[in-house]
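Inside the fold
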Amino acid sequence: MKKHLPSAAAALAGLLIASQLAAGASIKKKEEAVASIERHKAEIIALSDRVWAFAETALLEVRSAEALAAYAEKQGFKVERGIAGLPTAFVASYGEGKPVIGILGEYDALPGLSQKAQPVKEALQAGSPGHGCGHNLLGTAAFGAALAIKDLMTAGKLKGTIRFYGTPAEEAVGGKVYMAREGLFSDLDVCLTWHPDDKTRVSVDGSQAIVDFIVEFSGKTAHAAADPWNGRSAVAALEFFTTGLNRMREFVRPTVRMHYSILNGGDVPNVVPAYARLWCWLRDSKGAGVDQLMVRTRRIAEGAAMMAEVESKLTVQGGDWETLVNLTGEKVMFANLMWLGPILFTPEEQEFAKEIQRATGVDPKGLDGEVKPWAAPKADPEGGSTDVGDVSWIVPTLSMNATTAPVDTPWHAWPVVACGGMSIGHKALVYTAKALAATIVDLVEDPKALQAVQAEFREKTKGVVYKPFIPEGPPVASKH
Ligand SMILES: [Zn+2]
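Let me sum up the structure you'll find in this document. (Residues numbered from 1 in each chain as written. Predicted model: local features only at pLDDT ≥ 70, side-chain atom pairs only at ≥ 80, totals over all residues. Heavy atoms only, no water.)

1. A word on the pattern of salt bridges
Following the criterion strictly, the structure yields 28 salt bridges and no others. One salt bridge connects Glu38 with Lys41, and the closest N-O pair in it is separated by 3.2 Å. Of this pair, Glu38 and Lys41 both sit in helix 2 (residues 27-54), separated by 3 residues, roughly a single helical turn. Under the relative-accessibility criterion, Glu38 is labelled partly exposed at 35%. Between Glu66 and Arg81 there is a salt bridge; the shortest N-O distance is 2.9 Å. One end of the pair, Glu66, is in helix 3 (residues 62-74); the other, Arg81, is in strand 1 (residues 78-81), and 15 residues separate them in sequence. Looking at Arg81, the relative accessible area reads 36%, which means it is partly exposed. (Salt bridge = Lys/Arg side-chain N within 4 Å of Asp/Glu carboxyl O. Helix = DSSP H or I, 4+ residues; strand = E, 2+ residues; numbered from the N terminus. Buried < 20%, exposed > 50% of the residue type's maximum accessible area, 1.4 Å probe, protein only.)

2. So, unusual backbone geometry
That bond from Lys98 to Pro99 is cis: its omega, -10°, falls within 30 degrees of zero. Mapped onto the elements of the fold, Pro99 is located in the loop between strand 2 (90-96) and strand 3 (100-105). Despite not being glycine, Leu59 shows a phi value in the positive range, around 70°. Residue position: Leu59 is located in the loop between helix 2 and helix 3. You will see that Asp408, though not glycine, has its phi angle at about 70°, which is positive. When you line up the elements, Asp408 lands in the loop between strand 11 (397-403) and helix 11 (414-420).

3. Description of the environment of Pro119
Inspection of the secondary structure assignment puts Pro119 in the loop between strand 3 and helix 4 (135-154). Residues Pro119 and Arg81, 38 residues apart in the sequence, show an inter-C-alpha distance of 37 Å. Here Pro119 is in contact with Phe352, Glu355, Ile356 and Trp414, once residues within four sequence places are set aside. (Contact = heavy atoms within 4.5 Å.)

4. Brief notes about the pairing of strand 4 (residues 160-166)
With 7 of its 7 residues buried, strand 4 lies for the most part within the structure. Here strand 4 shows two buried faces, one formed by Gly160, Ile162, Phe164 and Gly166 and the other by Thr161, Arg163 and Tyr165. Here strand 3 pairs with strand 4 via 6 bridges, running parallel. Opposite Ile101, over in strand 4, you have Ile162 as the bridge partner. (Pairing = 2+ DSSP bridges.)

5. Comments concerning the packing of aromatic side chains
Across all of its chains, the model carries 12 aromatic pairs by this definition. Relative to Phe143, the ring of Tyr71 has its centre 5.7 Å away and its plane inclined at 70°; by these criteria the two rings are edge-to-face. Here the residue Tyr71 occupies a position in helix 3, and Phe143 occupies one in helix 4, the gap between them amounting to 72 residues. With a centroid separation of 5.1 Å and 55° between ring planes, the pair formed by Phe77 and Phe143 is classed as tilted. Taken as a pair, Phe77 in the loop between helix 3 and strand 1 and Phe143 in helix 4 lie far apart in primary sequence, 66 residues in all. Here Phe77 matches Phe143 in class, with each residue buried. Ring pairs connect the aromatic residues Tyr71, Phe77, Phe90, Tyr94, Tyr107, Phe143 and Phe164, which therefore count as one cluster. We note Lys30 situated over the ring of Trp339; from NZ or CZ to the ring centre the distance is 5.0 Å. (Phe/Tyr/Trp six-rings, centres within 6.5 Å; stacked < 30°, edge-to-face > 60°. Lys NZ or Arg CZ within 6 Å of the ring centre and 35° of its normal.)

6. Let's talk about the pairing of strand 11
Burial analysis of strand 11 places 7 of its 7 residues in the buried class, which makes it a mostly covered element. Both faces of strand 11 are covered, namely the face carrying Thr397, Ser399, Asn401 and Thr403 and the face carrying Leu398, Met400 and Ala402. Bridge count for strand 5 (residues 190-197) against strand 11 is 7 bridges, and the pairing is parallel. Bridge pairing in strand 11 links Pro196 to Ala402. As paired strands, strand 6 (residues 201-202) and strand 11 are joined by 2 bridges and run antiparallel to one another.

By themselves, these figures tell us nothing about what the structure is for.
Below, the structure written as structure tokens:
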């Protein structure tokens, strides 16, 4: 995969183009999109709060997906449910012809993170899931943007097709990867999405590629004291494997992340364990880096099995490509964040945030709703992966972040759940719906801007053939 970074001068020129765009003829239509979101605001927020309260985890988002799908249908979208073999995936579309604009929405929660919408840690329902990644806001804000574009289309002010993708299980198997395998994104001209964050900015740093796999060892059981010579321990092989993997850490690039969880490690000490199983994720900045790691990891598994005189099996069960950033598109989005200005939080919301920060041991700086200045993309993304990565290699994909939680507080944790169920999250939701809708207006109104986005995509994907990491068949729900 090639890497293409524009010069500083080109970046500046792009910004100028983008700011002219924001001030151009489309401004009136963008104002109408904003007004449409204001009109639907109460409904969209109520929808987000319902999804927040459902707090359904990956592949089990039955009520959350249905709430969104039913609302889309009520608003005049054509809805197709249960697509790509995923019961909680759907597509809601409106309009006809080109351009075809996609918006990605998520709605899965995380296990064990139930939390009330208050600045003190207390479960809504002990042991239940919670929206620790803010996906209740993600899906509804994304749909809010689709709805505003639909309103403009209905009024005859915008041409083309708007398509909202309800994408399940981002936190687990990655619903988008299965939808990508079915070719569901292939006819899009451009795709937009966002993610909750502690900052408001365009996402130009991308995300890591990841491969998700299981390693199994099978040996022979025996009495661990009476006849251990008849046994061959699968757990011994597992220990050799983790030793090998952990030694390899010294000889990988600093961008690599490796983490695992032991799922089966024997039952009782006096039985030589015949079976052991480990679940592992390997990540790097690029898919090519992960491929190299996988070659080495397979050899470690084989070597471990050889030493323990047992059999090994490595099964890839999923993975995401790294996110391909489209700087031309991000500049259009950036101009729209600047046009909207910062997210303004009240003193009460700032105090709510500071109370959370004090409770989680971070600096009580409150919330930062300022739009972060344009910055050149980092050479490597920070740690983390998303199934948006796969979509970004099929269609130019633009993404942003909006402030839904206090500065520096832990993510995938109760503060995110707390803020996502009250006015802080609601403000980010409404803001993002406006930012995405305004960006779409710019891209539809100015075919040259859209063509430039597509030209950058073609240049960066030259010679690349997209192939998902996932194996044949439907996702394995038991893996998480
Ligand atoms: Zn997330």
